[in-house]
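# A look at the structure
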Amino acid sequence: MSRDRIQREPLRQRLAGLVWVSPWLLGLLFFFAIPMGMSMYYSMTEYTMLEPPLWIGAENYTSLLSDPVFIKTIWNTLVYAGFVIPLSIVLALAIAGLLDTDSRVSHIVRLMVFAPTVVPLVASAMIWLWLFNGDNGLINSALSIFGINGPNWLHERGFAMAALIVMSLWSIGQPVVIYLAALQDVPKHLYEAGSLDGMGPIRKFVHVAMPSIAPAVFFNSIIQTITAWQIFAAPYIMTEGGPDRSTYFYSHYLYDNAFLYQRMGYASAMAWVQLVLISVCILGIYAITRKLWSTRS
Amino acid sequence: MTDGSKRWQISGRVSRLMLLSLIGMTFAMPLIWMAATSVKPESQAMQQGFSLLPDPPGLAVDGLKDNYAAVLNDTTVNFPLYLRNTIIVVFLGITGCVVSSVIVAYGLARVPMPGRKSLMVITVGTMLIPFPVLMAPLFMLYTKIGWIGTFAPLYAQFFFGNAFSIFLMTQFFRSMPKELEEAARVDGCGHWLTFRHIVLPLSKTAIAVVVLLHFTYMWNDFLAPLIFIVDRDKFTLMLGLQLYQSKAGQTPWNLLMAASLLTLLPVLVVFVIANKAFTRSSLSGAVKG
């Protein structure tokens, strides 16, 4: 019935919403569609912004394949994501599990865990530069208690990557909040049933809570995949990609190509490859999640 | 219930509380250490150790005065100017974002139009596009229209809406009971009058959440200013902080921590006052996902 009424309304009325959303339609056109179109075109050109673009077809894409730095930055990004995503799932789930009580302490700790996510990236880069400082940093001071002579974190291969991973785990607040909400949705009587079956806290967590958390884990993995492909500010400020390009990430190389070497065409090609790589990663995570799921049930 | 299991339960609760406190302290430690370093004299800041206060503790007062004054009066990095620039950009950005996003969201939620579903999908889709993908073409576009050298690249696009704000407001409008608006329509109000007089007054809290989140996003942003702002007198605070760290003649750690604390203080205060807005909004995406 309501459909009939809508059909009979004058055209003007049926299109009224378009007026309301018109700013956003223009925004999508100017700030997304046009830039992406330009990027597609420039990715087929050699363009320094000083001279007019020179059409070279697919050459940017083919030279990417033989660019060792490009391969290196993909590898670094994958290594980074490969550590950060599983570590943050385990850590955030454990913290969320502990936070799932209604005590005052729990509410205060929630704030403390979430606070780092609002700290600007530049400021947290400064803080962690200081914490990881090789001579007087807090982390090496703490290690020296145990008689360990800490490394010069941000200037040694391997340790620099580890430092960036540890730092990223500091801003784990969003997944924690999401897992906590998922845990609170688990009906309490299921836990009681688990207790009656003689399950300990860990088995209850795996068998009772996990199924309802699974979608949240999937969601967070995807968000973190996209975030990992964007990592820029922390390595740019803290390691400048070093030492020896060991923390040189994809977005950083793209930035350098566009704004340091003035290779806009090459950078545009990298942007499109980045979109493809992200999609591949997301599909991969989807496949893994589904596989894990079908073997469970 | 037997005595034994009760004791087990209590000790379980105590150990959980202890573990929680430890986690809380671990997450707070970097911020506490930043604050502690920022009030120490340089010679003491550069020492190994765990003391939160300088020795003697009275020096903290001098440290507070001297270090923060040194940051604000630095000759190469003009923090007061960058604060002014940041406030201008953030204010314009929030204004544009709120006005347009609220109107667009109401249109998406309640006003009939063709292609509503696809527009919603596209809107969410744009949130997944990483900024590095867009930054090179946006730079070329802004160069062509003469925006490089002005603040416009940092705020202008928000006058056309912001995907996340539109998404949040659409969810909110959809959750409102339709009866109120229908009553207004029966009384002869058009969509605009209904929106203006019935819906908007009921949306203050939701709009406040959008303002806070967009404030934090713009205040913290580093990559867009890094790319689009070329003149040093147009720097934002985040660019200033990075310049302060990387400028010639290394900045002492106590001063760098004081500068960091100053730049993050506004967002931290906003977060402590309105933390629910932040934690709830990170759920809004997850529910959908």
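Here, every reference points to the structure presented above.
Residues numbered from 1 in each chain as written. Chains lettered and ligands numbered in written order. Predicted model: local features only at pLDDT ≥ 70, side-chain atom pairs only at ≥ 80, totals over all residues. Heavy atoms only, no water.

Here we come to the overall build of chain B. Counting secondary structure elements, chain B contains 15 helices and 0 strands. Relative to the 2.2 N^0.38 estimate, which gives 19 Å for 289 residues, the radius of gyration of chain B is 25 Å and therefore markedly larger than a compact globule would have. Along the first, second and third principal axes, the C-alpha set of chain B runs to 75 × 75 × 35 Å. Within chain B, the proportion of its 289 residues that are buried is 50%. Across chain B, the fraction of contacts at a sequence separation of at least 24, relative to all contacts at a separation of at least 6, is 73%. For chain B, the exposed surface amounts to about 13600 Å²; the carbon and sulfur share of it is 67%. Side-chain charges in chain B split into 22 positive and 13 negative, and the spacing between the mean points of these groups amounts to 11 Å. (Helix = DSSP H or I, 4+ residues; strand = E, 2+ residues; numbered from the N terminus. Rg over C-alpha atoms; globule rule 2.2 N^0.38 Å. Buried < 20%, exposed > 50% of the residue type's maximum accessible area, 1.4 Å probe, protein only. Contact = heavy atoms within 4.5 Å. Areas by Shrake-Rupley, 256 points an atom, 1.4 Å probe, with all protein chains shown as cover. Lys, Arg positive; Asp, Glu negative; His and termini not counted. Charge placed at Lys NZ, Arg CZ, Asp CG, Glu CD.)

Now for the overall build of chain A. When helices and strands are counted, chain A shows 15 helices and 2 strands. Within chain A, the fraction of its 297 residues that count as buried is 51%. Considering only intrachain contacts with a sequence separation of at least 6, the fraction spanning at least 24 residues in chain A is 64%. Taking the 17 positively charged and 16 negatively charged side chains of chain A as two groups, their mean positions are separated by 13 Å.

With that out of the way, let us pick up the layout of surface pockets. Considering only enclosed or pocket space, the second largest pocket measures out at about 1200 Å³ in volume. Lining the second largest pocket are 26 residues, with A:Gly97, A:Thr101, A:Pro201, A:Lys204 and B:Arg16 positioned closest to its centre. Contributions of two or more residues to the lining of the second largest pocket are made by α5 (68–99), α11 (188–196) and α12 (201–230) of chain A together with α1 (3–38) of chain B. The dominant element in the lining of the second largest pocket, judged by the number of residues it contributes, is α1(B), at 8 residues. Of the residues that constitute the lining of the second largest pocket, the class distribution is 12 nonpolar, 8 polar and 6 charged. (1 Å grid on protein atoms, 1.4 Å probe; cavity = no way out; pocket = protein on both sides within 12 Å on 5 of 7 lines; lining within 4 Å. Points joined across faces, edges and corners; volume = space filled by probe spheres on them. Nonpolar A, V, L, I, M, F, W, Y, C, P; charged D, E, K, R; others polar.)

What follows covers the interface of chain B and chain A. The interface is formed by 92 residues belonging to chain B together with 85 residues belonging to chain A. With both chains or domains summed, chain B and chain A bury close to 7700 Å², and 81% of this area falls on carbon and sulfur atoms. Summed over the three residues of chain B that lose the most area to chain A, namely B:Phe27, B:Met140 and B:Phe160, the buried surface amounts to 10% of that side. Seen at the junction of chain B and chain A, the total is 0 salt bridges. Counting the contacts that link chain B with chain A gives 10 residue pairs in polar contact (both at pLDDT 80 or more). Take the side of chain B that touches chain A: its biggest share by element is 16 residues, from α1(B). The residue makeup of the side of chain B that touches chain A, split by class, is 63 nonpolar, 26 polar and 3 charged. (Buried area = accessible area lost by both parts, 1.4 Å probe. Salt bridge = Lys/Arg side-chain N within 4 Å of Asp/Glu carboxyl O. Polar contact = N/O pair within 3.5 Å; in protein donor to acceptor, adjacent residues only side chain to side chain.)

With that out of the way, let us pick up the nonpolar core. Counting residues in each nonpolar core, the largest one holds 184 residues, and the members touching the most others are B:Phe173 and B:Phe222. The greatest single-element share of this core, amounting to 14 residues, is contributed by α5(A). If we skip the residues at most four places from it in the chain, B:Phe173 touches B:Val102, B:Ala105, B:Tyr106, B:Ala109, B:Arg110, B:Phe195, B:Val199 and B:Ser203. (Core = buried A, V, L, I, M, F, W, Y, C linked by side-chain atoms within 4.5 Å.)

Turning next to the packing of aromatic side chains. Overall, the coordinates contain 41 aromatic pairs over all chains when judged by the stated rule. The interplanar angle of 55 degrees and the centroid separation of 5.6 Å between the aromatic rings of A:Phe31 and B:Phe160 together place this pair among those described as tilted. One end of the pair, A:Phe31, is in helix α3 (residues 16–42); the other, B:Phe160, is in the loop between α7 (152–155) and α8 (163–175), on a second chain. Judged by relative accessible area, which is 5%, A:Phe31 ranks as buried. Judged by relative accessible area, which is 23%, B:Phe160 ranks as partly exposed. (Phe/Tyr/Trp six-rings, centres within 6.5 Å; stacked < 30°, edge-to-face > 60°.)

Between α3(A) and helix α5 (residues 116–127) of chain B, the least distance of the axes is 12 Å, while the angle of their chain directions is 45 degrees. One way to sum up the angle between α3(A) and α5(B) is to call them oblique. Crossing hand, α3(A) versus α5(B): left-handed. Taking contact as the criterion, the partners of A:Val21, A:Trp24, A:Leu25, A:Leu28 and A:Phe32 in α3(A) are, on α5(B), B:Leu119, B:Ile122, B:Thr123 and B:Thr126. Of the residues in the contact of α3(A) with α5(B), the class split is 7 nonpolar, 2 polar and no charged. (Axes fitted to C-alpha atoms, helices over the stretch in contact; angles between N-to-C directions. Parallel < 35°, antiparallel > 145°, perpendicular 65-115°, else oblique. Left-handed = near helix turned anticlockwise from the far one by under 90°.)

Summed over all chains, the structure comprises 3 salt bridges over all chains. With a shortest N-O distance of 3.7 Å, A:Arg157 and A:Asp244 are connected by a salt bridge. Note that A:Arg157 is positioned in the loop between α8 (138–145) and α9 (159–170) and A:Asp244 in the loop between α13 (233–238) and α14 (250–260), a separation of 87 residues in sequence. In this structure A:Arg157 comes out as partly exposed when scored by relative accessible area, which is 49%. A salt bridge links B:Arg110 to B:Glu181, with the shortest nitrogen-to-oxygen separation between them at 3.0 Å. Of this pair, B:Arg110 sits in helix α4 (residues 79–110) while B:Glu181 sits in helix α9 (residues 178–186); the two residues are 71 residues apart in sequence, bridging distant segments of the chain.

With an omega of -10 degrees, the peptide bond between A:Gly242 and A:Pro243 qualifies as cis. Considering the arrangement of structural elements, one finds A:Pro243 in the loop between α13 and α14. Along the chain, B:Asp55 connects to B:Pro56 via a cis peptide bond; the corresponding omega equals -5 degrees. Examined against the element boundaries, B:Pro56 turns out to sit in the loop between α2 (42–45) and α3 (59–72). In this structure, A:Glu240 takes a positive phi of about 50 degrees despite not being glycine. Secondary-structure assignment places A:Glu240 in the loop between α13 and α14. Given a relative accessible area of 65%, A:Glu240 falls into the exposed group.

Turning our eyes to something else, we now look at the side chain of A:Ser268. On the secondary structure map, A:Ser268 appears in helix α15 (residues 264–296). Given a relative accessible area of 0%, A:Ser268 falls into the buried group.

All names here are of chain A. Residues Leu-11, Leu-15, Leu-18 and Leu-25 make up a contiguous nonpolar surface patch of roughly 310 Å² in combined accessible area. Positionally, Leu-11 belongs in helix α2 (residues 11–14). Since its relative accessible area comes to 52%, Leu-11 is described here as exposed. (Patch = residues over 30% accessible without salt bridge, like charges linked within 9 Å, V, L, I, M, F, W, Y side chains within 5 Å.)

We now examine the side chain of B:Gln242. Tracing the backbone through its elements, the reader meets B:Gln242 in helix α13 (residues 237–246). Contact partners of B:Gln242, with chain neighbours within four places excluded, come to A:Val122, A:Met126, A:Tyr236, A:Ile237, B:Phe222 and B:Leu226.

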